[in-house]
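Residue strings, one per chain:
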Amino acid sequence: MSDALSTEFIGRQKAWLRPAHLTRFALIALGLAFLSFFLFLPLAAVFAEAARRGFPAYLAALSEPDATSAIKLTLFVAAIAVPINIVTGVAAAWAVARFRFFGRNLLVSLIDLPFSVSPVIAGLIYVLLFGAQGYFGPYLRSHGIQIIFAVPGIVLATIFVTFPFVARELIPHMESLGSAEEEAALTLGASPWKMFWTVSVPNVKWSLLYGVLLCNARAMGEFGAVAVVSGKIRGMTTTMPLHVEILYNEYNGPAAFAVASLLAALSLVTLGLKTLLEWRYADSLAARRKH
Amino acid sequence: MSSPLGALFGRKFATRWLIGLSAVSILAGSQISLAQSLLNVSYDPTRELYREINTAFTAQWTQKTGQALTIKQSHGGSGAQARAIIDGIDADVATLALAGDIDAIAERTTLLPKTWKTRLPENSAPYTSTIVFLVRKGNPKGIKDWGDLARPGVSVITPNPKTSGGARWNYLAAWAWAQNAYKDDKQVRAFIAALLGNVPVLDTGARGSTTTFAQRGLGDVLISWENEAFLVFDEFGKDNFEIVAPSLSILAEPSVALLDGNVDRKGTRAAAQAYLEFLYTPKAQAIIAKNHYRPRYPEHANPADIAILPKLSFVTVDRDFGGWTKAHKDHFADGGSFDQLYKPSR
């Protein structure tokens, strides 16, 4: 009996010790340790620092005029940049996925350009174009139009760095779907406009949503390009990421982390929204994927 | 189209969305273009000073003229801020760390005349400051004077003179001390090279260096604006740091100037001019001393604020370095002494 027990125990122990299991556990442990050290811990630290001086101080930091102006500006910039990138991103992706034309490969590379160019360069491009010493600066200035160191410059820089997200998500999806359904719609007498809204867009809505959420997260969080064109005028041209830096440099750690936690919360809401939609519409998502 | 998500992409929703968006943009647009407002583009450590000055001035201006006035601030490394003004930031006044940076604006643009320095009293510098050392409590490395900063094993924090005005004052103060101590140019250069060799990181602005030293705990000594050193006391307590006054330092004259080209376009000349003149009034001079700058007219300041500033002997840029144009060319321009002596690969 004791023999049986011990063999069973040894057998179980052997299962534990099987190299495949060991590797699996080691990899899971490594992955978790890495995630908690590089993702969860810093994120938790942001919220912990923000909460350190209590809730009233937290609210005060967020309702201070420069902070509310930074929050408004961030949302305002995202509200312009994201819709523009949806329209242009869908158009570019559709053109690339459905048609073969001269310069198509060039267009695909150009869509990726903002990913490969450093954000600082992206900002400097606009300073070079619209700055007082730039190509169009003197003309714009004489007509009273301020682009750099004002809101339009921030919007431009944000559109530039967030442009690829929508198109990049859509192109592979549209290409894998093929044009059969669209052609069927046209043959059955749908107008191109109707085909676009009832076939093309619903077919790729999940990739579109992905692209939009990523685009939005980046639009609100962009620092480098915006820092170059902003001029850091408090209460006017500071977005939330810039405001966080300014507060930190003024030894106002708790307020800096309060704004940072709000920024992080916005991204977490974005992420949560994505997960929720994925979960609620898992069936239709799976059905789509089968195509 | 029956699913809620389908509605998200429906035509009706898109139209509604567009209407909502344009309403948002009109709302935000109207908020951004507020009436009378000045923009003061300044250097890094003046944040606390101008916050107080602006409150005092706007109250006085509204009382005198009945006009509401807001003053917006932008802060950064002095050289970088001058660059932003050259590139077209809509500043009414420049309040930078050194005359050289305002000279650069006058050279590259038509925003203000090259003679700007003579338009306000005291070389257009309503306050001065100087360079001191901030060390950790008890001065564990025994730092007394500039010579100690070049000793092996001493870690020195100072910003990058290419981008920071404060760093240029630091550099010239060290240079002046070495010239006094060694007389021989070769020894002066060897001293500066050894000092720079002790610098682990060059931040772009004075505030970045202060954060590196005080908050991140790097380095044994911070070469710092005097006002910035006192600010560290206020923020982090006197229990952790000590100020060391070197035997020789430099009289730093942070300059202020009206940007004629911008104020005339915006129609803000009267308010901007009054703002700069306000800096010379007794009220402003007292605020200046309270923020640990050296007021031009110390008789208006609280005597306690003056008493805590260490007594120092000074060199000046105009007398000892032949003015900012020459100092810039000799030391900070491409190929100047800084480029020759700084070896970051070490």
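Predicted model only: the values in this text are computed from it and were never measured.

## Considering the overall build of chain B
The helix and strand tally for chain B stands at 17 helices and 12 strands. Split into buried and exposed, the 346 residues of chain B put 57% on the buried side. A sequence separation of at least 24 residues applies to 74% of the contacts in chain B between residues at least 6 apart.

## Description of the interface of chain B and chain A
Taken together, the 39 residues of chain B in the interface contact 31 residues of chain A. When the two sides are added together, the surface that chain B and chain A hide from each other amounts to roughly 3300 Å², 63% of it contributed by carbon and sulfur. Viewed at the interface, chain A and chain B are joined by 3 salt bridges. Of the charged contacts in the structure, one is a salt bridge between R141 of chain A and D90 of chain B, with a shortest N-O distance of 3.4 Å. If you look at where chain B meets chain A, you find 12 residue pairs in polar contact (both at pLDDT 80 or more).

## Topic: the confidence of the model for chain B
Residues and elements named next belong to chain B. In this model, chain B carries an average pLDDT of 88, and 89% of its residues clear a pLDDT of 70 or more. In this model, residues 1-18 is a region of pLDDT below 50 whose contacts with residues beyond four sequence positions or in other chains number 18 contacts. In this model residues 21-34 is a low-confidence stretch, pLDDT under 50, and it forms 7 contacts with partners more than four residues away in sequence or in other chains. Interface scoring of the predicted complex returns ipTM 0.75; its pTM is 0.79.

## A short note on helix α16 (residues 323-332) of chain B
Residue and element names in this part refer to chain B. For α16, the complete set of buried residues consists of G323, W324, A327, H331 and F332. Down the axis of α16, the buried set is contained in an arc of 125°. They therefore lie on one face. Projecting away from the buried face of α16 at angles above 90 degrees are the exposed residues T325 and K329. Contacts from the buried residues of α16 go to α5 (99-108), α7 (165-182), α15 (317-320) and α17 (337-341).

## What about the sheet that holds strand β6 (residues 156-157) of chain B?
Residue and element names in this part refer to chain B. Strand order in the open sheet formed by 4 strands is β6-β7-β5-β8, with mixed pairing between adjacent strands. The strands lining the two open edges of the sheet, one partner per strand, are β6 and β8 (241-244). With 5 bridges joining them, strand β5 (residues 131-136) and strand β7 (residues 221-225) adopt antiparallel strand pairing. Across the sheet, F133 pairs through a bridge with I223, a residue of β7. Packing against the sheet, helix α9 (residues 206-215) makes contact with β5, β6, β7 and β8, and its axis sits at approximately 150° to β7.

## Remarks on a nonpolar patch on the surface
Taken together, the side chains of F34, F37, F38 and L41 of chain A define a hydrophobic patch exposed on the protein surface, amounting to about 480 Å² of accessible area. Along the chain, F38 of chain A falls in helix α2 (residues 19-51).

## Points about the packing of aromatic side chains
Taken as a whole, this structure holds 29 aromatic pairs over all chains when the rule is applied. Aromatic side chains F34 of chain A and F38 of chain A sit 4.7 Å apart centroid to centroid with 35° between the ring planes, which places their arrangement in the tilted category. Of this pair, F34 of chain A and F38 of chain A both sit in helix α2, 4 residues apart, which is roughly one turn of the helix. Overall, the relative accessible area of 52% leaves F34 of chain A in the exposed class. When the centroid spacing of 6.4 Å and the interplanar angle of 75° are considered together, the rings of F236 of chain B and F241 of chain B count as edge-to-face. Of the residues examined, F241 of chain B reaches a relative accessible area of 4% and is grouped as buried. Three or more aromatic residues link up through ring pairs in this structure, and these residues are W94, F99, W193, F196 and W197 of chain A. Here K274 of chain A stacks its cationic end above the ring of Y210 of chain A, 4.8 Å away from the centre of that ring. Taking NZ or CZ as reference, R168 of chain B lies 5.9 Å from the ring centre of F332 of chain B, over its face.

## Regarding the sheet that holds strand β2 (residues 70-76) of chain B
Residues and elements named next belong to chain B. Judged by pairing direction, the sheet is mixed, and its 4 strands sit side by side in the order β2-β1-β3-β10 without closing on themselves. At either end of the open sheet lies a strand with only one pairing partner, and these are β2 and β10 (256-258). Geometrically, the sheet is characterised by an average inter-axis angle of 20° between neighbouring strands, direction not taken into account. Two strands pair when backbone bridges link them, and strand β1 (residues 37-43) and β2 are joined in this way by 7 bridges, in the parallel orientation. Bridge assignment links L38 to a residue of β2, and that residue is I71. Packed onto the sheet, helix α3 (residues 47-65) meets β1, β2, β3 (93-95) and β10 and runs at close to 170° relative to β2.

## As for the pairing of β1 of chain B
All names here are of chain B. Of all 7 residues in β1, 7 are buried, a share of seventy percent or more. Neither face of β1 is exposed, since S37, L39, V41 and Y43 on one face and L38, N40 and S42 on the opposite face are all buried. Relative to β3, β1 runs parallel, the two sharing 3 bridges. Following the sheet pairing, S42 is matched in β3 by T95.

## Some remarks on the pattern of salt bridges
Tallying each qualifying case throughout the model produces 31 salt bridges over all chains. A salt bridge links D66 of chain A to R234 of chain A; the shortest N-O distance between them is 3.0 Å. Note that D66 of chain A is positioned in helix α4 (residues 65-98) and R234 of chain A in the loop between α13 (224-230) and α14 (240-249), a separation of 168 residues in sequence. The class for D66 of chain A is buried, based on a relative accessible area of 17%. Accessibility expressed as a relative area gives 13% for R234 of chain A, which makes it buried. One salt bridge connects R269 of chain B with D264 of chain B, and the closest N-O pair in it is separated by 3.0 Å. Since its relative accessible area comes to 35%, R269 of chain B is described here as partly exposed. Linked by salt bridges that have partners in common, D66, R234 and E250 of chain A together with D44, R47 and R51 of chain B make up one network.

## Considerations on unusual backbone geometry
At K232 of chain A, a residue that is not glycine, the phi angle is positive and equals roughly 50°. Among the structural elements, K232 of chain A can be located in the loop between α13 and α14.

## Remarks on helix α15 (residues 253-280) of chain A
Look at α15 of chain A: 39 Å from first C-alpha to last across 28 residues, which is about the 40 Å you get at 1.5 Å a residue. When α15 of chain A is considered as a whole, its buried residues turn out to be G253, P254, A255, A256, A258, V259, A260, S261, L263, A264, T270 and L277 of chain A.

## Observations concerning empty space enclosed by the protein
Applying the stated criterion to the full structure yields 5 cavities of 30 Å³ or more. For the largest cavity, the full set of lining residues is T158, P159, P161, A167, N170, Y171, A174, I192, L195, L196, I223 and F338 of chain B. Breaking the lining of the largest cavity down by element, the ones donating at least two residues are α7 and α8 (185-197) of chain B. It is α7 of chain B that provides the largest number of residues to the lining of the largest cavity, a total of 4 residues. In the lining of the largest cavity, the residues fall into 10 nonpolar, 2 polar and no charged. Empty space within the second largest cavity amounts to approximately 80 Å³. F130, G131, A132, G137, L140, R141, I145, Q146, I147 and I148 of chain A together with D87 and G88 of chain B together form the lining of the second largest cavity. Tallying contributions element by element places helix α7 (residues 137-142) of chain A first for the lining of the second largest cavity, with 3 residues. Each residue belonging to the lining of the second largest cavity can be placed in one class, and the counts come to 6 nonpolar, 4 polar and 2 charged.

Parameters and conventions
- Residues numbered from 1 in each chain as written.
- Chains lettered and ligands numbered in written order.
- Predicted model: local features only at pLDDT ≥ 70, side-chain atom pairs only at ≥ 80, totals over all residues.
- Heavy atoms only, no water.
- Helix = DSSP H or I, 4+ residues; strand = E, 2+ residues; numbered from the N terminus.
- Buried < 20%, exposed > 50% of the residue type's maximum accessible area, 1.4 Å probe, protein only.
- Contact = heavy atoms within 4.5 Å.
- Buried area = accessible area lost by both parts, 1.4 Å probe.
- Salt bridge = Lys/Arg side-chain N within 4 Å of Asp/Glu carboxyl O.
- Polar contact = N/O pair within 3.5 Å; in protein donor to acceptor, adjacent residues only side chain to side chain.
- pLDDT = per-residue confidence, 0-100.
- Arc of directions from axis to C-beta.
- Pairing = 2+ DSSP bridges.
- Axes fitted to C-alpha atoms, helices over the stretch in contact; angles between N-to-C directions.
- Patch = residues over 30% accessible without salt bridge, like charges linked within 9 Å, V, L, I, M, F, W, Y side chains within 5 Å.
- Areas by Shrake-Rupley, 256 points an atom, 1.4 Å probe, with all protein chains shown as cover.
- Phe/Tyr/Trp six-rings, centres within 6.5 Å; stacked < 30°, edge-to-face > 60°.
- Lys NZ or Arg CZ within 6 Å of the ring centre and 35° of its normal.
- Expected span 1.5 Å × (residues − 1).
- 1 Å grid on protein atoms, 1.4 Å probe; cavity = no way out; pocket = protein on both sides within 12 Å on 5 of 7 lines; lining within 4 Å.
- Points joined across faces, edges and corners; volume = space filled by probe spheres on them.
- Nonpolar A, V, L, I, M, F, W, Y, C, P; charged D, E, K, R; others polar.

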